[in-house]
Structure formats: structure tokens, C-alpha cells
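Coordinates in review
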Amino acid sequence: GAVVSQHPSRVICKSGTSVKIECRSLDFQATTMFWYRQFPKKSLMLMATSNEGSKATYEQGVEKDKFLINHASLTLSTLTVTSAHPEDSSFYICSASPRRGGRTQYFGPGTRLLVL
Amino acid sequence: QQQVKQSPQSLIVQKGGISIINCAYENTAFDYFPWYQQFPGKGPALLIAIRPDVSEKKEGRFTISFNKSAKQFSLHIMDSQPGDSATYFCAASIGSGNTGKLIFGQGTTLQVKP
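Residues numbered from 1 in each chain as written. Chains lettered and ligands numbered in written order. Predicted model: local features only at pLDDT ≥ 70, side-chain atom pairs only at ≥ 80, totals over all residues. Heavy atoms only, no water.

1. Regarding unusual backbone geometry
Of note, the amide linkage connecting His7(A) to Pro8(A) takes the cis form, showing an omega dihedral of 0 degrees. Within the secondary structure, Pro8(A) sits in the loop between β1 (4–7) and β2 (10–13). In the segment running from Ser7(B) into Pro8(B), the intervening peptide bond is cis, with an omega of -5 degrees. Inspection of the secondary structure assignment puts Pro8(B) in the loop between β1 (4–7) and β2 (10–14). (Helix = DSSP H or I, 4+ residues; strand = E, 2+ residues; numbered from the N terminus.)

In C-alpha cells, the structure reads:
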């Protein structure tokens, strides 16, 4: 149980285009989902927290208009990287907390984004 | 104050040995401390977690030791195996319900030699 999926697993796009990443909790309902960014050999950096049906809360320094987050249902959150540039290339990982799971976060497998 | 400091940055252990990774925090409001294991190109997987009202928690070969007064906690991997070679992250959380965000340590790359 407690499986989180992400799609796509890898994406290559041209500079200036937008990319959407989906995060789904497959076997549980997630009131809260989190989006992280991870650079090679570095730790996870929280980008934003999203709660179903409400606006995401972004961490300091994360551009809201650049990284659009939508938490459409209790099993789906999306991250859209708008007008992507090479510096947005990174490993993006989502996590989800089960509705009755307390503080536990289950992570997705990650999405590797490469912007050319 | 929101930082979690993790050490060592890298660790090499012989098969069968004990791997020990340490973390320290400043914010006494943190009330949930999980450890995650991450393989290259994959998302982190929850290993074990502890709350500050417990000094030790064991699950299989993995043990968390928690020292509330010192604001430190550590992960011990007993009988380390080559398959344990991965990056390990400690984390700390504060918040109510399931909205508590995780603050991650810098990570420790563990290599277990056969």
C-alpha cells in the first residue's frame, strides 16, 4: 500500500515551453501533497505544499507563476513548469500524506526534467 | 533554526558491519523524525520514523536512537549489506495533522563493501 506515482518519469523539452508533471496517490486519499526539487547529489528542497481544493503554499524563493500547482482531487496533484529554461532542469519529486496517516509522507519515483 | 544537520556526508562500511548516521536539529518544536532511503534516480522511501517521546525505535536491522536533551538522533543499520548502499536522509517535521512539512538533512551516501 501507500503507492505514489509520477508521470512522466523523464521529459525533455525546448526552452520556453511548459511541462506538466502529474502526481497520483494510487491506493489512498491524500489531503496534502508536497512538491520537491532535487539537484544531483543534493538534498530535497521543498517547493510547495498543496491541499486539495485550496491554493498551494509556496516556500520562500519559489516563483508561484513559474511553478503552477493544482491539487484537483484527493488523489491527484499537478506541477506545471511554465516557460521552462535550462536552469529549471532538475529532478522533481512529489510526496503525499494519507488522510489518516498522520505525518507520514510517501514519495513518488520522481520526474527528470531536461530543458534544452 | 529550521535546519537539520546530517553527518557524515559519505560512509563506507564492510558487509556485516554497523552503519551509523547522525543528525542534529535546533528547533525544539520539531516533533516527528523520519529517515528515508534513496537509490539513484528514484524517489525516497520511508525507512523508519520516531517521535520525541521515545528514545529508541527498532524495525528489523534499522534502529533510530533519539536524544531529546541533546537534540540529536541517529540511524543505525545493523549487519549492513551491499543492497543497503544508497543515500540516506534524516528529516524533521513540525505541524498539525498531515500538513507538517519535512526539513531534510544534507544526506549521507552509504557504500557497503562486499
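That was the structure; now back to the text.
2. As for the pairing of β2(B)
Residue and element names in this part refer to chain B. Residue alternation in β2 divides its side chains into a buried set, Leu11 and Val13, and an unburied set, Ser10, Ile12 and Gln14. Relative to strand β11 (residues 108–113), β2 runs parallel, the two sharing five bridges. Paired with serine 10 across the strands is threonine 109, a residue of β11. (Buried < 20%, exposed > 50% of the residue type's maximum accessible area, 1.4 Å probe, protein only. Pairing = 2+ DSSP bridges.)

3. Points about the interface of chain B and chain A
Contacts between the two partners involve 23 residues from chain B and, on the opposite side, 24 residues from chain A. When the two sides are added together, the surface that chain B and chain A hide from each other amounts to roughly 1700 Å², 51% of it contributed by carbon and sulfur. Counting every contact that joins chain B to chain A gives two salt bridges. Put simply, Glu59(A) and Lys101(B) hold a salt bridge, and the shortest N to O gap is 3.0 Å. Linking chain B with chain A are seven residue pairs in polar contact (both at pLDDT 80 or more), by the criterion used here. Those elements that place two or more of their residues in the side of chain B that touches chain A are β4 (33–38), β9 (86–94) and β10 (101–104) of chain B. Counted by class, the side of chain B that touches chain A contains eight nonpolar, eleven polar and four charged residues. (Contact = heavy atoms within 4.5 Å. Buried area = accessible area lost by both parts, 1.4 Å probe. Salt bridge = Lys/Arg side-chain N within 4 Å of Asp/Glu carboxyl O. Polar contact = N/O pair within 3.5 Å; in protein donor to acceptor, adjacent residues only side chain to side chain. Nonpolar A, V, L, I, M, F, W, Y, C, P; charged D, E, K, R; others polar.)

4. A closer look at the confidence of the model for chain A
Residues of chain A with pLDDT of at least 70 account for 98%, and the chain-wide mean is 92. Model confidence for chain A, summarised as mean pLDDT per element, is weakest for strand β7 (residues 67–73) of chain A at 91 and strongest for strand β11 (residues 111–115) of chain A at 97. (pLDDT = per-residue confidence, 0-100.)

5. Let's talk about the pattern of salt bridges
For the structure on display, the rule yields seven salt bridges over all chains. The shortest N-O distance in the salt bridge between Lys66(A) and Asp88(A) comes to 2.7 Å. You can see Lys66(A) sitting in the loop between β6 (57–58) and β7 and its partner Asp88(A) sitting in the loop between β8 (76–81) and β9 (90–98), a full 22 residues away along the chain. The partner of Arg61(B) in a salt bridge is Asp84(B), and the shortest N-O contact between them spans 2.8 Å. Taken as a pair, Arg61(B) in the loop between β6 (56–59) and β7 (62–67) and Asp84(B) in the loop between β8 (72–77) and β9 lie far apart in primary sequence, 23 residues in all. For Arg61(B), a relative accessible area of 27% corresponds to the partly exposed category.

6. Re the sheet that holds strand β3 (residues 19–25) of chain B
Residue and element names in this part refer to chain B. Strand order across the open sheet formed by five strands is β1-β3-β8-β7-β6, with antiparallel pairing between neighbours. The outermost strands of the open sheet, each flanked by one partner alone, are β1 and β6. Strand after strand, the sheet turns through a mean of 15 degrees between neighbouring axes, direction not considered. Across six bridges, the pairing between β3 and β8 is antiparallel. Bridge pairing in β8 places isoleucine 21 opposite leucine 75. (Axes fitted to C-alpha atoms, helices over the stretch in contact; angles between N-to-C directions.)

7. Remarks on the state of the cysteines
Overall, the coordinates contain two disulfides over all chains when judged by the stated rule. A disulfide bridge connects Cys23(A) with Cys94(A), and the sulfur atoms are separated by 2.0 Å. Of note, the bridge from Cys23(A) to Cys94(A) carries an S-S torsion of about 80 degrees and is right-handed in sense. Linking Cys23(A) in strand β3 (residues 19–25) with Cys94(A) in strand β9, this pair joins segments that are 71 residues apart in sequence. The buried category is assigned to Cys23(A), whose relative accessible area is 0%. Put simply, Cys23(B) and Cys90(B) are joined by a disulfide, and their sulfur atoms are 1.9 Å apart. Taking the torsion about the S-S bond as the criterion, the Cys23(B) to Cys90(B) disulfide, at about -95 degrees, is left-handed. Of this pair, Cys23(B) sits in strand β3 while Cys90(B) sits in strand β9; the two residues are 67 residues apart in sequence, bridging distant segments of the chain. Neither Cys23(B) nor Cys90(B) differs from the other in exposure class; each is buried. Free cysteine: Cys13(A), not disulfide-bonded; nearest cysteine sulfur from Cys94(A) at 18 Å. (Disulfide = S-S within 2.5 Å.)

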